[in-house]
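Listed below, chain by chain, are the residues.
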Amino acid sequence: METLNYNIRLDPVLKTQAEETFESLGLGFNEAINYFLEASAMGYRIPLDLHERKPNASLLKAIEEAEQIIEEYKAGTRKPRFYANAREMFEAMDLEDETEDYDE
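Everything quoted here is computed from the prediction, not taken from an experiment.

S.K.: Would you mind going over a nonpolar patch on the surface with me for this structure?
M.R.: There is a patch of nonpolar side chains on the surface, built from Ile33, Phe36, Leu37, Ile46 and Leu48 and spanning about 440 Å² of accessible area. Mapping isoleucine 33 onto the fold places it in helix α2 (residues 29–43). What makes isoleucine 33 partly exposed here is its relative accessible area of 34%.

S.K.: Explain α2 to me, please; I cannot follow it from the model alone.
M.R.: Because each turn of an α-helix spans 3.6 residues, side chains separated by three or four positions in sequence point in the same direction. In this model α2 runs 21 Å from its N-terminal to its C-terminal C-alpha over 15 residues, within 8% of the 21 Å that 1.5 Å per residue would give. Just beyond α2, the residue with positive phi is tyrosine 44, at close to 50 degrees.

S.K.: Please clarify how the packing of aromatic side chains should be interpreted in this entry.
M.R.: To describe a pair of aromatic rings, you give the distance between the ring centres and the angle between the ring planes. Counting across every chain of the model gives one aromatic pair. Judged by centre distance (5.9 Å) and plane angle (50 degrees), the rings of phenylalanine 22 and phenylalanine 29 are tilted. Just above the ring of phenylalanine 29 sits the side chain of lysine 15; from NZ or CZ to the centre is 4.9 Å.

Conventions used here
- Residues numbered from 1 in each chain as written.
- Predicted model: local features only at pLDDT ≥ 70, side-chain atom pairs only at ≥ 80, totals over all residues.
- Heavy atoms only, no water.
- Patch = residues over 30% accessible without salt bridge, like charges linked within 9 Å, V, L, I, M, F, W, Y side chains within 5 Å.
- Areas by Shrake-Rupley, 256 points an atom, 1.4 Å probe, with all protein chains shown as cover.
- Salt bridge = Lys/Arg side-chain N within 4 Å of Asp/Glu carboxyl O.
- Helix = DSSP H or I, 4+ residues; strand = E, 2+ residues; numbered from the N terminus.
- Buried < 20%, exposed > 50% of the residue type's maximum accessible area, 1.4 Å probe, protein only.
- Expected span 1.5 Å × (residues − 1).
- Phe/Tyr/Trp six-rings, centres within 6.5 Å; stacked < 30°, edge-to-face > 60°.
- Lys NZ or Arg CZ within 6 Å of the ring centre and 35° of its normal.

Next up, the structure:
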């Protein structure tokens, strides 16, 4: 079978992670890419489970909280806090975390 070279740009971290996954399945990187292309050509489709990623409950709660804070700033019912240094800010954040009840 005749072959050709084709250059693509990849995120190096993603490539390394993919290589590790392929290796665990007993495939080399080129073999896995060829498998993907063959499966695409044979089925006239992209052989992936493409779906919208949906946020989990904790992330949804954080998004709601951020939106509420933004609205409070816009309405003028929430004022910015100022801290003398980072330590003071982190201490205030720790106190808030201890007083909030999260359902996870």
